[in-house]
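One letter stands for each residue in the lines below.
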Amino acid sequence: MTRVAFLGLGHMGLPMAVNLVKAGHEVHGFDLVPAAINAATAAGIPIASSGADAVAEADVVITMFPAGRHVIAAYQDELLAAAKPGTLFIESSTIAVDEARTAHELAIAAGHRNVDAPVSGGVVGAENGTLAFMVGGSDADFAAALPLLEAMGKRIVHCGGPGLGQAAKVCNNMVLAISQIAVAEAFVLGERLGLEHQALFDVVSQASGQCWAITTNCPVPGPVPTSPANRDYQPGFAGALMAKDLGLALQAIEGTGTDAKMGRLAQELYAAFAAGEGGHRDFSGIITDIRDAD
Ligand code: NAD
């Protein structure tokens, strides 16, 4: 049994914390928002009086915050100083690669250990304990984090040193965004050429254009009955979250001087999609923008 402080008990953090309790770990939680605290209390997670209080006796601290600025502020303002020397900090929020490296350096300078371990799989994956974790950090710290990650996820990949978990996450989501746009464009083009959705699906899903964006997240209703297109694009993976992740990809593209034209364009298209109603809709709903464009 490991004593875990779990900070950030929102949509993702609370079900992840619940799975740690189910696996037999002692979890003490904290969140800034009363609604999150109430939901966590109802789920049986004891709540500390502050972040510092939650981490004081912990062996491992897991953070699941909205963005990098929250992580760095919490590390600097209270968590690193309040934790016992050598505490393992597992940072699971989706943040920029540079921010993950800054958080890592701050943790090491304060005498702690740190891995970045962002996730994919969404709220359903968090609830079912089937998240994918992409981990950056040393071999020893990865090994120490692994039993806890296994209690919350199904596929856990050690991607390399500090920040490389976040690097894998932005690269994956850039592929996902580009392929979802490509599939949407193909369906709209097919419609204009007189091609039935099912016929295009039957070809592409078994041919060289095959990808998750068509076989699982098919952007037209019918061929994949579980895809968000069949429920008026209720997420799923909301456009706002895709736009956030592509913002992090753009930061990485610019920081490395990479010639990623498709990644830049996907970031622009999803920023526009998320600025409207698309922010709350599944990101496959971008097909509507493509169909409606002049
Ligand atoms: P959320 O907004 O529901 O939860 C974040 C929680 O962190 C909030 O309850 C907030 O009050 C809390 N928080 C912020 N600063 C804090 C602090 N200093 N101390 C304690 N609590 C603090 O967000 P979410 O949907 O759970 O996502 C969390 C992270 O996971 C984000 O980085 C997101 O990009 C990533 N992510 C989300 C999904 C998804 O489907 N929701 C999927 C993959 C990754």
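- An unreviewed UniProt entry annotates the chain as 3-hydroxyisobutyrate dehydrogenase originating from Microbacterium esteraromaticum.
- According to the UniProt record, the Catalytic activity (unreviewed entry) comment for the chain is "3-hydroxy-2-methylpropanoate + NAD(+) = 2-methyl-3-oxopropanoate + NADH + H(+)".
- UniProt lists a comment for the chain under the heading Sequence similarities (unreviewed entry), and it reads "Belongs to the HIBADH-related family."

1. Some thoughts on the nonpolar core
Argument step 1. By size, the foremost hydrophobic cluster in this structure holds 88 residues, and its most contacted members are Ala17, Val61 and Tyr270.
Argument step 2. Two domains each donate at least three residues to this core, and these are domain 1 (3-161) and domain 2 (167-292).

2. Observations concerning the packing of helix H1 (residues 13-22) against helix H7 (residues 139-152)
Argument step 1. Axis separation between H1 and H7 bottoms out at 8 Å; the angle between their running directions is 110°. Put simply, H1 runs roughly perpendicular to H7. At the point where H1 passes H7, the crossing takes the right-handed sense. The residues of H7 that touch H1, namely those facing Met16, Asn19 and Leu20, are Leu148, Ala151 and Met152.
Argument step 2. Split into classes, the residues belonging to the contact of H1 with H7 amount to five nonpolar, one polar and no charged.

3. Remarks on the site of the ligand
Argument step 1. Near the ligand you find 26 residues, and of these Gly8, Gly10, His11, Met12 and Thr94 are the closest.
Argument step 2. Mapped by element, the contributors of at least two residues to the shell around the ligand are helix H4 (68-82), strand E6 (119-120), helix H6 (122-128) and helix H11 (239-256).
Argument step 3. Here the shell around the ligand is composed, by residue class, of 14 nonpolar, ten polar and two charged.

4. A short note on unusual backbone geometry
Argument step 1. In this model, Pro235 is joined to Gly236 through a cis peptide bond whose omega is 15°.
Argument step 2. As for its position among the elements, Gly236 is in the loop between helix H10 (212-215) and H11.

5. Describing helix H12 (residues 261-275)
Argument step 1. Relative to the 21 Å expected for 15 residues at 1.5 Å per residue, H12 spans 21 Å between its end C-alpha atoms, a close match to the ideal helical length.
Argument step 2. Those residues of H12 not exposed but buried are Gly263, Ala266, Gln267, Leu269, Tyr270, Phe273 and Ala274.
Argument step 3. The elements touched by buried residues of H12 are helix H8 (164-193), H11 and helix H13 (286-292).

Rules used in this analysis
Residues numbered from 1 in each chain as written. Predicted model: local features only at pLDDT ≥ 70, side-chain atom pairs only at ≥ 80, totals over all residues. UniProt positions renumbered as here; feature names shortened; annotations may be inferred. Core = buried A, V, L, I, M, F, W, Y, C linked by C-beta atoms within 7 Å. Buried ≥ 20, exposed ≤ 12 C-beta atoms within 10 Å, placed from the backbone. Domains from an automatic or database assignment. Axes fitted to C-alpha atoms, helices over the stretch in contact; angles between N-to-C directions. Helix = DSSP H or I, 4+ residues; strand = E, 2+ residues; numbered from the N terminus. Parallel < 35°, antiparallel > 145°, perpendicular 65-115°, else oblique. Left-handed = near helix turned anticlockwise from the far one by under 90°. Contact = placed C-beta atoms within 7 Å. Nonpolar A, V, L, I, M, F, W, Y, C, P; charged D, E, K, R; others polar. Near = placed C-beta within 6 Å. Expected span 1.5 Å × (residues − 1).

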